[in-house]
Amino acid sequence: MRKTATRLADGREIIYYDEEGGVREEVPDRRDLPPTASGSELRWDPLRREWVVIAAHRQNRTHLPPSDECPLCPSHGDRLTEVPSSSYDVAVFENRFPALSGSEGRCEVVCFSSDHDTSLAALGPRRVRTIVDAWADRTEELSARPEVAHVYVFENRGPEIGVTLHHPHGQIYALPFVTPRAERDLDSARRHRAETGGDLFADILAAESAGPRVVLRNEHWTAFVPEAARWPVEVHVYPHRAVPDLPALNSGERTALAELYADLLARADRLYDTPLPYISAWHQAPAHDPQARGLARLRLELFSVRRAPGRLKYLAGTESGAGVFSNDVAPETTARRLREV
């Protein structure tokens, strides 16, 4: 893989990850762009003890443009986009409408392919491996910054999830604080160690590996539907070796992840009569906390709001208002269906 970093017309960084044997034309960004929109504000909620990002400048960001106006497609002739190249394998660039920027963090867009009409599920293990390497590279670089406390890698897929661009892509948020979800998970891991002396994530993996909810397994990874799944489709992917983040994965683990993840996404798309809308979230250890990095474990959580053909799960009052989830689909049923499709 070849990595090339350059700048867009307004000074934002763009990084290309080219696969071996690929040929990509490198051209300058000829657009006349205004300075990047910014102005986010972090506000502290004393009741929940959580940070909230106020990003009013994002209200007018690009929203579901037609395919011939997609800003993530390659540039051609006078059709100038966010990616000033006629084709690319994987491209990562600073978001033009970031929720966080400057001393407050950084938001990046990860384009999985120059093909507007494909999906991560359809790209296959080789491209997924390139994406994994790009995720790891960006996590390592962003985690080294003193203002970054936590790197969150994710993909939103499908209009049902609220995606504003159809082109296959994900995002990376380099946050100046540890996310509330990570804080809660770390607190659970600390309590488990104090009470049992064990590793919470290793114990979860061991319990699920022997049960009926395993979907896929290879030498380095296990994908399973958790016993207490909140969503009608929910799959967790754990590495067999305890590692804190994506950069810590060795070459064999990255290749095995690409193979398993490509298989899992293809199965998910065969569950219903339409491609599965989902959120895919990588949980990594905080960047600069040695104790937390010893407790946390890298893992992936993929979940969907689709509960049946033509039916979505909407969060009810107890779920949105009180945080008490109710799942209409038994986790064992979801696991069986994913194994069978």
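Keep in mind it's a predicted model, so treat the numbers as computed, not measured. (Residues numbered from 1 in each chain as written. Predicted model: local features only at pLDDT ≥ 70, side-chain atom pairs only at ≥ 80, totals over all residues. Heavy atoms only, no water.)

Caption draft 1: Main features of unusual backbone geometry. Residues other than glycine seldom take positive phi values, yet Arg49 does so here, at roughly 55 degrees. If you trace the backbone, Arg49 turns up in the loop between strand E3 (41-45) and strand E4 (50-54). (Helix = DSSP H or I, 4+ residues; strand = E, 2+ residues; numbered from the N terminus.)

Caption draft 2: View of the packing of aromatic side chains. Throughout the structure, instances matching the rule amount to 9 aromatic pairs. Taking 5.1 Å as the distance between ring centres and 20 degrees as the angle between the ring planes, the aromatic pair formed by Trp231 and Phe303 counts as stacked. One end of the pair, Trp231, is in the loop between strand E10 (221-224) and strand E11 (233-239); the other, Phe303, is in strand E13 (residues 299-304), and 72 residues separate them in sequence. What links up through ring pairs into an aromatic cluster is the set Trp44, Trp51 and Phe177. For the cation-ring pair, Arg230 lies above Phe325, with the distance from its terminal atom to the ring centre recorded as 5.7 Å. (Phe/Tyr/Trp six-rings, centres within 6.5 Å; stacked < 30°, edge-to-face > 60°. Lys NZ or Arg CZ within 6 Å of the ring centre and 35° of its normal.)

Caption draft 3: Quick look at the nonpolar core. In terms of nonpolar packing, the biggest core is built from 51 residues, with Leu120, Trp135, Trp221, Val237, Leu246, Tyr261 and Trp282 touching the most fellow members. With 9 residues, helix H5 (residues 251-269) is the largest single contributor of residues to this core. In contact with Leu246, other than residues within four places in its own chain, are Trp135, Ala136, Thr139, Val153, Arg254, Trp282, Gln284 and Leu298. Counting residues in each nonpolar core, the second largest holds 13 residues, with Cys70, Phe93, Val109 and Leu165 among its members. (Core = buried A, V, L, I, M, F, W, Y, C linked by side-chain atoms within 4.5 Å. Buried < 20%, exposed > 50% of the residue type's maximum accessible area, 1.4 Å probe, protein only. Contact = heavy atoms within 4.5 Å.)

Caption draft 4: Looking closely at the side chain of Thr81. Examined against the element boundaries, Thr81 turns out to sit in the loop between E4 and strand E5 (90-94). On the basis of relative accessible area, Thr81 is assigned to the buried category, the value being 2%. Polar side-chain contacts of Thr81 include one of 3.1 Å to the backbone nitrogen of Val83. In this view, Thr81 contacts Arg31, Cys70, Pro71, Cys73, Pro74 and Ser75; residues no more than four positions away in its chain are not counted. (Polar contact = N/O pair within 3.5 Å; in protein donor to acceptor, adjacent residues only side chain to side chain.)

Caption draft 5: Just the packing of helix H3 (residues 180-196) against helix H4 (residues 200-209), in detail. The N-to-C vectors of H3 and H4 enclose an angle of 85 degrees; their axes lie 9 Å apart at closest approach. Accordingly, the angle class assigned to the pair H3 and H4 is roughly perpendicular. Together, Asp185, Ser188, Ala189 and His192 of H3 and Leu200, Phe201 and Asp203 of H4 make up the contact between the two elements. (Axes fitted to C-alpha atoms, helices over the stretch in contact; angles between N-to-C directions. Parallel < 35°, antiparallel > 145°, perpendicular 65-115°, else oblique.)

Caption draft 6: Focus on H4. Of all the residues in H4, the buried ones are Leu200, Phe201, Leu205 and Glu208. In a view along the axis of H4, the buried residues occupy a sector of 130 degrees, so they form one face of it. Away from its buried face by more than 90 degrees, H4 exposes Ala206 and Ala207. Packed against the buried residues of H4 are H3, strand E9 (214-217), E10, E11, helix H6 (290-295) and E13. If you check the start of H4, you find a side-chain oxygen 2.9 Å away from the backbone N of Phe201, and it comes from Asp199. (Arc of directions from axis to C-beta.)

Caption draft 7: Molecular detail of the pairing of strand E7 (residues 150-157). Burial analysis of E7 places 6 of its 8 residues in the buried class, which makes it a mostly covered element. As paired strands, E7 and strand E8 (residues 169-175) are joined by 5 bridges and run antiparallel to one another. From the neighbouring strand, Val153 faces E8, where its bridge partner is Ile172. As paired elements, E7 and strand E12 (residues 278-283) share 5 bridges and run antiparallel to each other. (Pairing = 2+ DSSP bridges.)

Caption draft 8: Up close: the sheet that holds E8. The strand order E1-E2-E5-E6-E8-E7-E12-E13-E11-E10-E9 describes an open sheet built from 11 strands, whose pairing is antiparallel. Of all strands in the sheet, those with a lone pairing partner are strand E1 (2-7) and E9, marking the two edges. Averaged over all pairs of adjacent strands, the angle between strand axes in this sheet comes to 20 degrees, irrespective of strand direction. Of the pairings in the sheet, the one linking E9 to E10 comprises 3 bridges and is antiparallel in character. Within E10, the position partnered with Val214 by the bridge is Phe224. Against the sheet, H4 makes contact with E9, E10, E11 and E13, and its axis sits at roughly 70 degrees relative to E10, the strand it touches most.

Caption draft 9: Here's a closer look at the pattern of salt bridges. Taken as a whole, this structure holds 34 salt bridges when the rule is applied. Between Arg106 and Glu108 there is a salt bridge, with the nearest N and O atoms lying 2.8 Å from each other. Taking the relative accessible area as the measure of exposure, Arg106 reaches 9% and is therefore buried. The exposure class assigned to Glu108 is buried, which follows from its relative accessible area of 0%. For Asp269, the salt bridge identified is with Arg157, shortest N-O distance 3.0 Å. Linking Asp269 in helix H5 with Arg157 in strand E7, this pair joins segments that are 112 residues apart in sequence. A single network of salt bridges, built from pairs that share partners, joins Lys3, Arg7, Glu13, Glu94, Arg106, Glu108, Asp137, Arg138 and Glu141. (Salt bridge = Lys/Arg side-chain N within 4 Å of Asp/Glu carboxyl O.)

Caption draft 10: Main features of the environment of Val329. In this fold, Val329 is placed in the loop between helix H7 (317-322) and helix H8 (331-340). Among the residues examined, Val329 registers a relative accessible area of 19% and is labelled buried. Among all residues touching Val329, those that are not within four sequence positions of it are Pro232, Arg307 and Thr334.

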